[in-house]
Amino acid sequence: MSKKRKSEASGDVIRIGNKTISLEGYLTKKPKKDVGPTETTTKPDQALEPSSKESKSPDSTAQEKKTTKFVPSRKPSGAAEYLSTRQALPLWSHQDEIRRRLQKHDVLVLVGETGSGKSTQVPQFLYQEKWCQRQKVKIEANGRTEETAVGGMIAITQPRRVAATTLAHRVSCEAGTPLKGDKGSKPGNAQSSYSRGLVGYSVRFDHRVPKGTKIKYLTEGMLLQELLRDPHLRQYSAVLVDEIHERSTDVDLLCGFLKQIIAGDKAGRGGIPLKVVIMSATANVESITRFFSDVTPEAMESAPTEGAENSSSVQFMQIEGRQFPVEITHTPKPVADIQDSMLKKIFKIHTEEPLQDKHGRCDILAFLTGQEEIESAQRLIEEYAATLPANVPKIKVFPLFGQMSIEAQHEAFQPIKGGFTRKVVLSTNIAETSVTVPGVRYVIDCGKSKVKQFRPKISLSSLLARPISKSSAIQRAGRAGREGPGKCHRLYTESSYLGLEEADLPEILRSDLLGAVLTMKATGIDNVLEFPLMDPLETEAVEKALLHLHFLGALGDDGTITELGRKMVMFPVTAPYARVLLAAADPKFDCLLEVIDIISCITAGEDIFLQIESEEAKEEAEVYRKELYRREGDIITYLTTMQLYFAENADRVQWCKARKINIRNMKQAVNIRKQLRALCVKQGMMEQPPPDPQPFTPISPDKATNVLKCFLKGFALKTAILAPDSSYVTSHGKHVVAIHPASVLHGQKKEAIMFLEHVYTQKSYAKKVSAIQATWIVEALGF
DNA sequence: GAGCACTGC
C-alpha cells in the first residue's frame, strides 16, 4: 500500500509525507493591488450599447482570411493596392493620435471593435517612429559595462497560431514585402534569413523572421518563452498585446512581466523604455488600465496629480468598429427545455425570414454547449427538414466543434451549394473566438457554455455547462452583424442577461497553476503571490502548485527552483511530463524514445482517436484499431500507435483514416516528437536517434513496465487501487474514480491504475489510464 | 459508455 502522503498546512510550513517545505517569504505577504489614481483620457466604463454595434472577433482586414489560407501577392510593389482598403478602416484616421500619444506615453489601452483594423494597422503606424529605432546602449552587467543594441522591433501577440501567421502574411503584403513560399513545411528552417522584409512571425514549429523585420507577430506563449531568455525584451521597442480580453493564462503572465519592465528602472534596457499597447475588443478594460497605471511607488510620487503628462500614465482610446446593427431579443420567460426552444426558434426563423437579401446570405448560427447537444439537435432538425413542403427552402445542418476533422469543420465555412437551401451551423464556443462562419445573419444563443475549472483541493478538473458572461453574450450576438444587419435570439430572459457576470473568469483563476508557478520560479520570482497580475491568484491554488512542484522535485525545501526544475522548464510540456522525460533518460529505465513518442501523442491535442458516430463506421475502424490496443492501457496503446504510424511507409493519411485517427493531431504529434528529440539530444540525454521509418517491433513487457514506472515519477499522486466493491479509490485523497469510456481499460478490473487526467463531467473520471502494480506506487514515492 | 476552446526553448 502507498505511504500516507496527506498534505497539511500549519503556519508557514507545509508537509507532504516525510517532506517539509517552508512557506516563509513567499506565502506570507499579501499581493499589492489598487494603488493610486488612474489617468485616462476617456472613461472606459461606458459599456457597449446592448443592442447594436457590439461584438468582437479577431478583427481587421485579415478577419476573413484567418480561416482560409491567405495567398500573398507576389508583386513586390503590392503595398499600393492595399492602400485604399487600409484607408477605409476606422483606425486610419486615428493614426496621428495613436502616434502622438505613444510619443509622450509608454502605455496605451486601445479598444477597437470588430473590423476596426487594429491588429493590422497599429504596428504599421508605429514602426517608423523615432522611438522605434534600434539603439546602441551601454549596460552594466556583472560589474562590467557592455555595449548592446536595444529596440528596433515591434512584437504583436496573438492567442492563436493561425491568427499570428495569417496576420503576418496580410500585413507583409500591405507593407510591400510579402512573405513568400509555403508556410510551416520545414519548421525551424533558415530560409528566412536570406530574404528581407518588414514583417515576420514566430509560432511554435514555424518561424519566419526575415532580415530587417520591424513587425513580428507571435503567439503569447512564444513571447513568454523569449522572456525567459531575455527578461528585458531588448529586441523590442514595443509590445502590442492583442485580444487581451480573451485573458489566457499566457497573456496574464505576459502582462505581469511587461508591467515589471515598465515599472522597473529600465537599467536592463540601457534606460530605453518599452512601449506597450494593450488591445481589446471589449470595452470593460478598467481593471487592465488600473493594472498598468499602478506602477512603482517612486513613479507615483514623482507625478502625483498631473499624471496625464507623465510617461507612466496609461492612455486610453476607443475606436468604432465596422459592425452592422444586431437586433437582440430575449425570451419573456425562462425556458424549461433549451433544446426544444432552440429548435422552434430555428424553424421560426427559417420559415419567416428571407433566405437572402442585398447583403448576401442569411444563415443561422446557433451556440450550444457541446458535441452531444449539437448531434442530437442535428438529428431533430434533419427530421423536421425532411417534412418541409417543396415551396419552403431546404435546411442543411453543419455541426462545428473542436474535435471534428479540419475538412469537416471547413464544410461549415463553405457557401452552400444549391440556391434554395439555408445553412444552419450548430457550434460550440469555437465560433465565438476561434473561427468565423461567413454568411451568418441570425444567431441563437443558449446562454451557456462548458467551462473547465480546476479544483486545487482535490486536483480535479470539472467540465460542466455554466451560464456565459455578458461579454460572451455580446460576442455571440455580434456574430450576426458581420456582413449585414442581423438578429440575435437569446434563449433566456433579459433579467437573466442583466444578472450575468460582466466577464468570464480568467483562465489563470480556473486552472492548475503548476506551469505558471514554475515559469515564475524560473525567472527568479521568489514570492509568487507578489508577482503582478491583473487578477490576484488564490492562495490555495498557489500552495497546491508549490506543493506539487516540490513533490516533483522542481522546487527545493526553501521554495527555490532546483537543478531538476531548471531542466524541467526547458521542455514545452507540463511539469509532470517533463519529470517523466527526465526519468526516462535515467539508465535505470532507459526508455526515452518510447516516452517521447507517448508524450508527443498525448500533448498534441485532445485524443488522437476520433469519436465515431455510426455503429458500422465504428466496427470498421475497430478492426484496424484492435492491433493498436494494448492490455497495459492507454499509454502503451499510444506508443504502439506512434510506432506503427512511423513504421507505415505507404500512405500515412490513409492509415489514419482507416483507424479514425485525428490527422491534424497526429501531424502535431510528429512535430512535437521532433522537437522533444532535438531537445533531449541537445541536453545530452540521448544519442541522435535512428532515422524514420524504423520497422515495428512490439515493446517488451519489461520495457513497458519501465515506461509505466517513469510515468509514475510524474503521476504517482494520480493512482487508484481497486477496492473490494470493484470501485477504484484514489491513493491520494481516497476518492472514487471511474475509468473513462474512451480508455482501452474501460470496464476492466486491475489491481491498481495510474491516470494522467482526472475530470469531473457526468462523474469523476480517470482518463489516459494504465494498469500498474500497487507496489510500484510505493517505489515511485520512495525518492 | 462519453468528448468547451487555446497554447509552448
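Parameters and conventions
- Residues numbered from 1 in each chain as written.
- Chains lettered and ligands numbered in written order.
- Predicted model: local features only at pLDDT ≥ 70, side-chain atom pairs only at ≥ 80, totals over all residues.
- Heavy atoms only, no water.
- Pairing = 2+ DSSP bridges.
- Helix = DSSP H or I, 4+ residues; strand = E, 2+ residues; numbered from the N terminus.
- Axes fitted to C-alpha atoms, helices over the stretch in contact; angles between N-to-C directions.
- Contact = heavy atoms within 4.5 Å.
- Buried < 20%, exposed > 50% of the residue type's maximum accessible area, 1.4 Å probe, protein only.
- Near = heavy atom within 4 Å.
- Polar contact = N/O pair within 3.5 Å; in protein donor to acceptor, adjacent residues only side chain to side chain.
- Nonpolar A, V, L, I, M, F, W, Y, C, P; charged D, E, K, R; others polar.
- Salt bridge = Lys/Arg side-chain N within 4 Å of Asp/Glu carboxyl O.
- Core = buried A, V, L, I, M, F, W, Y, C linked by side-chain atoms within 4.5 Å.
- Parallel < 35°, antiparallel > 145°, perpendicular 65-115°, else oblique.
- Left-handed = near helix turned anticlockwise from the far one by under 90°.

**Remarks on the sheet that holds strand β4 (residues 107–112)**
Then, number 1: An order of β9-β8-β10-β7-β11-β12-β4-β13 is seen for the 8 strands of this open sheet, with the pairing classed as mixed. On the outer flanks of this sheet lie β9 (206–208) and β13 (314–319), each paired with one strand and no other. Taken pair by pair, the neighbouring strands of this sheet meet at an average axis angle of 20 degrees, ignoring direction.
Then, number 2: With 4 bridges joining them, strand β8 (residues 199–203) and strand β10 (residues 215–219) adopt parallel strand pairing. Bridge pairing links S202 to L218 in β10.
Then, number 3: Of the strands in this sheet, β7 (153–158), β8, β9 and β10 are in contact with helix α4 (residues 161–174), which crosses β8 at around 170 degrees.
Then, number 4: Here helix α7 (residues 286–293) sits on the sheet in contact with β4, β12 (275–280) and β13, set at roughly 155 degrees to β13.

**Some remarks on helix α5 (residues 220–229)**
Then, number 1: Along α5, the positions that sit buried rather than exposed are E220, M222, L223, L224, E226 and L227.
Then, number 2: Where α5 is buried, its residues contact β7, β8, β9, β10, β11 (236–241) and α6 (249–263).

**What about the protein's contact with DNA strand B?**
Then, number 1: With respect to spatial proximity, 36 residues lie near DNA strand B, and among them M222, G402, K450, M570 and Q611 are the closest.
Then, number 2: Close to the protein, within 4 Å, the atoms of DNA strand B belong to sugar or phosphate groups at a rate of 52%.
Then, number 3: Contacts to DNA strand B include T428, whose side-chain N or O atom sits 3.0 Å from a phosphate oxygen.
Then, number 4: Within the side chain of H740, an N or O atom sits 3.3 Å from a phosphate oxygen of DNA strand B.
Then, number 5: For the surface near DNA strand B, the elements supplying multiple residues, two or more each, are α5, α10 (371–385) and β21 (448–455).
Then, number 6: Here the element with the most residues in the surface near DNA strand B is α5; it accounts for 5 residues.
Then, number 7: Classifying every residue of the surface near DNA strand B gives 13 nonpolar, 14 polar and 9 charged.

**A word on the environment of E286**
Then, number 1: Inspection of the secondary structure assignment puts E286 in helix α7.
Then, number 2: Taking relative accessible area as the criterion, E286 reaches 38% and is therefore assigned partly exposed.
Then, number 3: Each C-alpha atom of the pair E286 and V109 lies 9.8 Å from the other, and the pair is 177 residues apart in sequence.

**Comments concerning the pattern of salt bridges**
Then, number 1: What the rule picks out here adds up to 27 salt bridges.
Then, number 2: Here D340 ties to K344 by a salt bridge, and the two come within 2.9 Å at their closest N and O atoms. Here K344 and D340 lie together in helix α9 (residues 338–352), a separation of 4 residues that amounts to about one turn.
Then, number 3: Overall, K344 belongs to the exposed group, its relative accessible area being 53%.
Then, number 4: Note that E353 is salt-bridged to K487, the shortest N-O span being 2.9 Å. Placement of E353 in the loop between α9 and β15 (356–357) and of K487 in strand β23 (residues 486–490) is noted, with a sequence separation of 134 residues between them.
Then, number 5: K487 sits in the partly exposed class, given a relative accessible area of 23%.
Then, number 6: Each of R86, R170 and E174 takes part in a single network of salt bridges with overlapping partners.

**Brief notes about the nonpolar core**
Then, number 1: Membership of the largest hydrophobic core comes to 121 residues, with the highest contact counts inside it found for F292, F571, V595 and F711.
Then, number 2: Beyond its immediate chain neighbours, meaning those up to four positions away, F711 contacts Y577, V580, V595, I598, I599, I635, M754 and L756.
Then, number 3: Counting 31 residues, the second-largest nonpolar core is a separate cluster that includes A164, L167, L240 and M317.

**Overview of the sheet that holds strand β19 (residues 421–427)**
Then, number 1: Taken in spatial order, the 6 strands line up as β14-β23-β20-β17-β19-β18 in an open sheet, and their pairing is parallel. Since the sheet does not close on itself, it has two edges, and those belong to β14 (326–330) and β18 (394–400), each with one partner. Averaged over all adjacent pairs, the angle separating strand axes in this sheet is 20 degrees, with direction ignored.
Then, number 2: Bridge count for strand β17 (residues 363–367) against β19 is 4 bridges, and the pairing is parallel.

**A short note on the packing of helix α19 (residues 592–603) against helix α24 (residues 701–715)**
Then, number 1: Remark: α19 packs on α24, axes separated minimally by 10 Å, with the N-to-C direction vectors making an angle of 60 degrees. Taken together, the axes of α19 and α24 lie oblique to each other. In the crossing of α19 with α24, the sense of the turn from one axis to the other is right-handed. Of the residues in α24, those touching α19 at E594, V595, I598 and I599 are K703, V707, C710 and F711.

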